[in-house]
Amino acid sequence: GNGGIAAPGGGLAECVPVSAEDIDGLCAFAREHAVDFAVVAPDDPLVMGAVDFVPKPYKPRILKTRIANAIARSEMTHLDQLRHTAEHDSLTDLYNRTTFFRQIMGFATLHENEPMVFVRIDIRRFHLINSLFGESTGDALLIFIADKIRHYVDSLEWGVYGRIESDIFFFS
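What you see is a predicted model, and the numbers here were worked out from it, not measured in a lab. (Residues numbered from 1 in each chain as written. Predicted model: local features only at pLDDT ≥ 70, side-chain atom pairs only at ≥ 80, totals over all residues. Heavy atoms only, no water.)

**Here we look at the sheet that holds strand 2 (residues 161-165)**
Applied cut-off: One bridge is not enough; two strands pair if DSSP finds at least two bridges between them. Numbering of helices and strands starts at the N terminus; helices are DSSP runs of H or I of at least 4 residues and strands are runs of E of at least 2. To get an axis, fit a line to the C-alpha atoms, keeping to the stretch in contact for a helix; angles then go from 0 to 180 degrees between the N-to-C directions. We call two residues in contact when some of their heavy atoms are within 4.5 Å.
One open sheet holds the three strands; their spatial order is 1-3-2, and the pairing between them is antiparallel. Looking at the sheet topology across the chains shown, the edges are occupied by strand 1 (119-122) and strand 2. Across this sheet, the average inter-strand angle for adjacent strands is 20°, counted without regard to direction. Sheet topology note: the strand 1/strand 3 (residues 168-171) ladder contains four bridges and is antiparallel. Residue pairing for strand 3: I121 is matched across the bridge by F169. Where helix 4 (residues 97-110) meets the sheet, it contacts strand 2 and strand 3, and its direction lies at approximately 135° from that of strand 2. The strands touched by helix 6 (residues 135-154) are strand 1, strand 2 and strand 3; relative to strand 3, the strand with the most contacts, the crossing angle is about 5°.

**Concerning the pairing of strand 3**
Basically, it comes down to this: Accessible area is worked out with a 1.4 Å probe on protein chains only. A residue is then buried under 20% of its type maximum, exposed over 50%, and partly exposed in between.
Because side chains alternate across strand 3, one face comprises the buried residues I168 and F170, and the other comprises F169 and F171, equally buried. Note: strand 2 against strand 3, four bridges, orientation antiparallel. Paired with Y161 across the two strands is F171, which belongs to strand 3. Linking two consecutive strands that pair antiparallel, namely strand 2 and strand 3, is a turn of two residues.

**Quick word on helix 1 (residues 23-32)**
Short version of the rule: Think of the arc as the fan of directions from the helix axis to the C-beta atoms.
Regarding helix 1, the residues found buried are G25, L26 and A30. The arc enclosing the buried residues of helix 1, seen along the axis, measures out at 135°, which places them on a common side. Away from its buried face, by an angle of more than 90 degrees, helix 1 presents the exposed residues D24, R31 and E32. Within two residues after helix 1, A34 carries a phi angle of roughly 55°, on the positive side.

Honestly, it's all geometry; don't read function into it.
Now the structure itself:
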């Protein structure tokens, strides 16, 4: 059990011998012991889709609330995915042109008296790589460059990076 929750003399919770990955076992245990609230760790069950458990008999008001919460979580996840798709380059997962410049303008507005450095990387004759080695090799090269930029800029105190066009990258 977890020493932080299963303290001597009652503790905050009871740890049970059911694997966190055993969704069917967790549900059976919850039904058998009339558990109406459970915390499952590690995160594997959450990744596998376990979000909530509603025991029978259920209270309609509680069920409606839990369903509304599940829908809201689903919509937020969908909105987050849409936002990410709209703001990032689909190949490299760097910011796209619009988002990169919006981020830079926001930083420049907040720190107008601080110097900024911009680096532009434009791969000359990149089309030859695609022509000679194929688009998959060209894409792999662009992803490699994006990863190197990401790794470098993430090591700085602040920075932003993006893929502006097919073979043009910017970072600051």
